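Inside the fold
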Amino acid sequence: MDNRQIMQQSLDYIEDNLLAELTASELAAQAGFSLFHYYRLFQAATGMPVMQYILRRRLLHGIYAVGQGASKTSAALAVGFDTYAGFYRAFCREFGCSPSDYLKSGRAKRPYRINLLKEEHFAVTHKKAVQMLKYWNLEDQPINDIYQQGTGAKIETGCYVGDSYVLKYSVNPGRLKKHIEVSKAIEAVGLLAAVPIPTADGREVVQDGQLYFCVTRRLPGQQLMPESFYHRDADRKAQFVGEIIGQLHLALG
């Protein structure tokens, strides 16, 4: 079992035991790692420290329950808080607004269950995309869906913004941060990469509720399909691809 599978088991355990007194030491022992190593793996996988992740999941479940009609006190108790006042203070610190303001914004959706082993599929409408693109001053750009070459399947984790950008989104900030790290490493060895475009206030990732957004450069050209090697200049194309693989090894090795 690889580390991603072990960390997924840890996330599933957290999700199923939000009412329990979870500790990082307990979770590390269950995963079979030292506490220090568990901290590192968890933050790399999710983009946040383990105890912050647990708190955030409790708050998201609690605010969703309130939005569905539960009383504030019962919702707070249901996700492990002793009082609504404690829930309120933690919510304001974590999300930068009161629970009532969060509810008014329409962000109190059913919490997605994070799956590290596959991409999550969730609906981000064009209207929502425009709302988020305001952080980059790109809200006037046309938005188009992205489709895989060959299969024609719609990609559910991003959309094109004009001719120059891509808006990407995930419920897992660790996934976006890893993409950013890899893109910067690739660019550092002289290759074109989908590096992030900072917002007007300098952020690379913007959080909205349980979703995380970033805008990257849109790369020119088309996907290289295997059948293209059987046409003209196959040797030259193979040499070119070999050189690129070598540069990727330098960037990512």
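What comes next concerns the included structure.

Glancing now at the pairing of strand S3 (residues 165–170). Direction of pairing for strand S2 (residues 154–161) relative to S3: antiparallel, over a ladder of 4 bridges. Note that in S3 the partner of Tyr 160 across the bridge is Val 166. Hairpin remark: S2 followed by S3, antiparallel, with 3 residues in the connecting loop; positive phi at Gly 162, about 60°. Across 6 bridges, S3 lies against strand S6 (residues 211–217) in antiparallel orientation. Within S6, the residue paired with Tyr 165 across the bridge is Arg 217.

What follows is about helix H9 (residues 173–188). Under the 1.5 Å per step criterion, the end-to-end length of H9 is 23 Å for 16 residues, consistent within 8% with the ideal 22 Å. Along H9, the residues that are buried comprise Pro 173, Gly 174, Arg 175, Leu 176, Ile 180, Ser 183 and Ile 186. A side-chain oxygen of the first residue of H9 lies 3.0 Å from the backbone nitrogen of Gly 174; this N-cap is Asn 172. Immediately beyond the C-terminal end of H9, within one or two residues, lies Gly 190, with a positive phi of roughly 95°.

By rolling a water-sized probe across the atoms, one finds the places where empty space is left. Here the second largest pocket defines a volume of roughly 310 Å³. Lining of the second largest pocket is provided by 15 residues; of these, Gly 106, Lys 109, Lys 128, Asp 208 and Leu 211 occupy positions nearest its centre. The leading source of residues in the lining of the second largest pocket is helix H8 (residues 126–133), at 3 residues. Taken together, the residues of the lining of the second largest pocket break down into 4 nonpolar, 6 polar and 5 charged.

A few words on the side chain of Arg 58. Considering the arrangement of structural elements, one finds Arg 58 in helix H4 (residues 50–67). The charged side chain of Arg 58 is buried without a salt bridge, its nearest counter-charge being Glu 21 at 5.8 Å. Here the side chain of Arg 58 touches Leu 18 through a polar contact of 2.6 Å, landing on its backbone oxygen.

Attention now goes to H8. Taken as a whole, H8 has its buried residues at Lys 128, Ala 129, Met 132 and Leu 133. All buried residues of H8 fall inside an arc of 135° around its axis, so they share one side. Check the buried side of H8 and you find it contacts strand S1 (143–147), S2, S3, strand S5 (206–208) and S6.

Quick look at the nonpolar core now. Formed by 40 residues in total, the largest nonpolar core has its most connected members in Ile 14, Tyr 38, Phe 42, Leu 167 and Phe 213. Contributions of two or more residues to this core are made by helix H1 (3–16), helix H2 (24–31), helix H3 (35–46), H4, H8, S2, S3 and S6. At 5 residues, the largest contribution of residues to this core is made by S6. Val 79, Phe 91, Phe 95 and Tyr 102 belong to the second largest nonpolar core, which has 14 residues in total.

Our next topic: empty space enclosed by the protein. For the structure shown, the criterion picks out 2 cavities of 30 Å³ or more. Taken as a whole, the largest cavity encloses approximately 70 Å³ of empty space. Looking at the largest cavity, the residues that line it are Met 48, Tyr 53, Arg 56, Arg 57, Leu 60, Ile 114, Val 171, Pro 173, Gln 210 and Tyr 212. In terms of residue count, the dominant contributor to the lining of the largest cavity is H4 (4 residues). Across the lining of the largest cavity, the residue classes break down as 7 nonpolar, 1 polar and 2 charged. Its volume calculated, the second largest cavity comes out at about 30 Å³. What lines the second largest cavity is Gln 8, Leu 11, Asp 12, Glu 15, Tyr 53, Arg 113 and Ile 114. Counting residues per element, the lining of the second largest cavity draws most heavily on H1, which supplies 4 residues. Residues that form the lining of the second largest cavity fall into these classes: 3 nonpolar, 1 polar and 3 charged.

Thresholds, definitions, all that
- Residues numbered from 1 in each chain as written.
- Predicted model: local features only at pLDDT ≥ 70, side-chain atom pairs only at ≥ 80, totals over all residues.
- Heavy atoms only, no water.
- Pairing = 2+ DSSP bridges.
- Helix = DSSP H or I, 4+ residues; strand = E, 2+ residues; numbered from the N terminus.
- Expected span 1.5 Å × (residues − 1).
- Buried < 20%, exposed > 50% of the residue type's maximum accessible area, 1.4 Å probe, protein only.
- Polar contact = N/O pair within 3.5 Å; in protein donor to acceptor, adjacent residues only side chain to side chain.
- 1 Å grid on protein atoms, 1.4 Å probe; cavity = no way out; pocket = protein on both sides within 12 Å on 5 of 7 lines; lining within 4 Å.
- Points joined across faces, edges and corners; volume = space filled by probe spheres on them.
- Nonpolar A, V, L, I, M, F, W, Y, C, P; charged D, E, K, R; others polar.
- Lys, Arg positive; Asp, Glu negative; His and termini not counted.
- Salt bridge = Lys/Arg side-chain N within 4 Å of Asp/Glu carboxyl O.
- Arc of directions from axis to C-beta.
- Contact = heavy atoms within 4.5 Å.
- Core = buried A, V, L, I, M, F, W, Y, C linked by side-chain atoms within 4.5 Å.

All we've got here are geometric facts, nothing functional implied.
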